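Each chain, letter by letter, is given below.
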Protein chains: 2
Amino acid sequence: MKQETRKDEIINTAAKLFKEKGYSAVTMRDLATAMGMKAASLYNHINSKQDILKAIIISIAEDFTNGMNTIIKSEASNISKLKSIVDLHVNITSNNTNGMASLNNDWMHLEDQLDYYLQLRNEYEASFLIIIKEGIFSSEIKNSNPEIIMFSMLTTLRSLYLWIPKKEDLNANDLANSLSEVLIEGINN
Amino acid sequence: MKQETRKDEIINTAAKLFKEKGYSAVTMRDLATAMGMKAASLYNHINSKQDILKAIIISIAEDFTNGMNTIIKSEASNISKLKSIVDLHVNITSNNTNGMASLNNDWMHLEDQLDYYLQLRNEYEASFLIIIKEGIFSSEIKNSNPEIIMFSMLTTLRSLYLWIPKKEDLNANDLANSLSEVLIEGINN
DNA sequence: TCACTAAACTAACAAGTGTTAGTTTAATGT
DNA sequence: ACATTAAACTAACACTTGTTAGTTTAGTGA
């Protein structure tokens, strides 16, 4: 863990405010007040409001891409790859719930980096879908509509940022296990 | 179906824009341009930007409350109540995907009606949880963490607005059935 | 024909927006 | 003691925001 710089503090504070009200509704003066300084002072540390959003979203998106690449290259079964995806989401989200909110809700306000973000997201979903389809082909997974399966899993995983902060008693591993169970085995007795 | 008034057109157009960029990022001038008029002219039909948001969100929230009240009063099994909840979400979302986006993403920008909205939401989630807990008690549902089950189902259902517009080939009934299957039976073979 | 009305318009407002320029302050290393 | 630097400040900018006031236009019913 490197020492948190003033810039990091600003980005983390911004992520928290963006989570509460969204990127567009948070002003540089709001952010400055939360940091205990004046708006103009922020610019000693960051280049623009847009740069803050970029810093928050792109690094997380790249974490997902790297994680998915490792999973898809592994030799595990497709079901266990899905469990690894659940772990990946739980871990990344646990480490940065506020940033995950921006990634989910404010990606469309990216400017220069919007195309890059969308490319990462499309590739991620394509990999996810491949794993599901191969799992169906090998009879590990029920022969349902693969896109419905992905949609159902992915939306749950993408919403973890809303839920993890409410459950501080539950550690990341326990949550990932329970969630895998529900998502994969269903709830019917 | 009543004739769509000019006010309705404005609200529907606003919902579409809010879905794309969020409430805060859409200006009255954006909305006016999309309507083919000047911003000031909007005020012949609506009272304020905030009133548009209120009109979009509150009516949908009340639809959910009414639907849930009907379900919870019924004599059906708990599993079939859950299926009815899936139907409820699929139906409401199919009829108003744009509005659902605002309900999901912009509820925090409600002003006067924020407390009322939160009350409706809390009651809805409480009812949902009761059904799951009774289902566990009667052994219809696996003895997993009821909140994880609700979280998983509800986040999937809340995200339907993103997904339904991409799948116009799939009708509401088929989607509801497939989704119930995946959510309730799981995906493991 | 005339009054009424729905629905658009132009012009303007006060407040708030992100950002820049230039300055001050306090701590650090030589 | 002095130069340097990080990090705050004040003041201001050009522009955008939601909204209001008053006016014009075109269609409707008496």
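Higher on the page you've got the structure.
Summary of the structure given here. Remember, predicted model here, so these are calculated numbers, not experimental data. The numbers attached to residues start from 1 for each chain and follow its sequence in the written order. The order in which chains are written sets their letters, starting at A; the order in which ligands are written sets their numbers, starting at 1. In keeping with the model being predicted, local features are shown solely for residues with a pLDDT of at least 70 and side-chain atom pairs are shown and tallied solely at 80 or more, while totals for entire chains, interfaces and linings include all residues.

**Regarding the overall build of chain A**
- Each helix is a run of H or I in the DSSP string that is no shorter than four residues. Each strand is a run of E no shorter than two, and both are numbered from the N terminus. Assigned secondary structure in chain A consists of ten helices and zero strands.
- Along the chain direction, N to C, the helices and strands of chain A fall in the order α-α-α-α-α-α-α-α-α-α.
- A principal-axis box enclosing the C-alpha atoms of chain A has dimensions of 60 × 35 × 30 Å.
- With C-beta atoms placed from the backbone, a residue is buried if 20 or more other C-beta atoms are within 10 Å of its own, exposed if 12 or fewer are, and partly exposed between those counts. Across the 189 residues in chain A, those meeting the buried criterion constitute 35%.
- Residue pairs qualify as contacts under a 7 Å threshold applied to their C-beta atoms, which are placed from the backbone. Across chain A, the fraction of contacts at a sequence separation of at least 24, relative to all contacts at a separation of at least 6, is 74%.

**Remarks on the protein's contact with DNA strand C**
- For each residue, a C-beta atom is placed from the backbone, and the residue is labelled near a molecule or strand when this atom is within 6 Å of it. In the vicinity of DNA strand C there are 15 residues, among which T27(A), A40(A), S48(A), M37(B) and A40(B) approach most closely.
- Elements with a minimum of two residues in the surface near DNA strand C: α2 (28–35), α3 (39–42) and α4 (49–73) of chain A together with α3 (39–42) of chain B.
- Here the nonpolar group is Ala, Val, Leu, Ile, Met, Phe, Trp, Tyr, Cys and Pro; Asp, Glu, Lys and Arg are the charged ones; every other residue, Gly included, is treated as polar. Its residues assigned to classes, the surface near DNA strand C shows six nonpolar, five polar and four charged.

**Looking at the relation of the copies chain A and chain B**
- To superpose the copies, least squares is applied to the C-alpha atoms of every residue with a pLDDT of at least 70 in both. The transform that puts chain A on chain B rotates by 180° and translates by 0.0 Å along the axis, for an RMSD of 0.0 Å. Both copies are brought into coincidence by an operation consistent with a two-fold rotation axis. No C-alpha of chain A approaches the rotation axis more nearly than that of G186(A), which lies at 1.7 Å.
- Taken together, the interface assignments show that 100% of the residues at the interface of chain A recur at the interface of chain B, consistent with an identical surface on both copies.

**Quick look at the interface of chain A and chain B**
- Taken together, the 33 residues of chain A in the interface contact 33 residues of chain B.
- Counting only elements with at least two residues in the side of chain A that touches chain B, the list comes to α8 (146–158) and α10 (172–185) of chain A.
- Considering each element in turn, the side of chain A that touches chain B owes the most residues, seven residues, to α10(A).
- Looking at the side of chain A that touches chain B residue by residue, the classes come out as 13 nonpolar, 15 polar and five charged.

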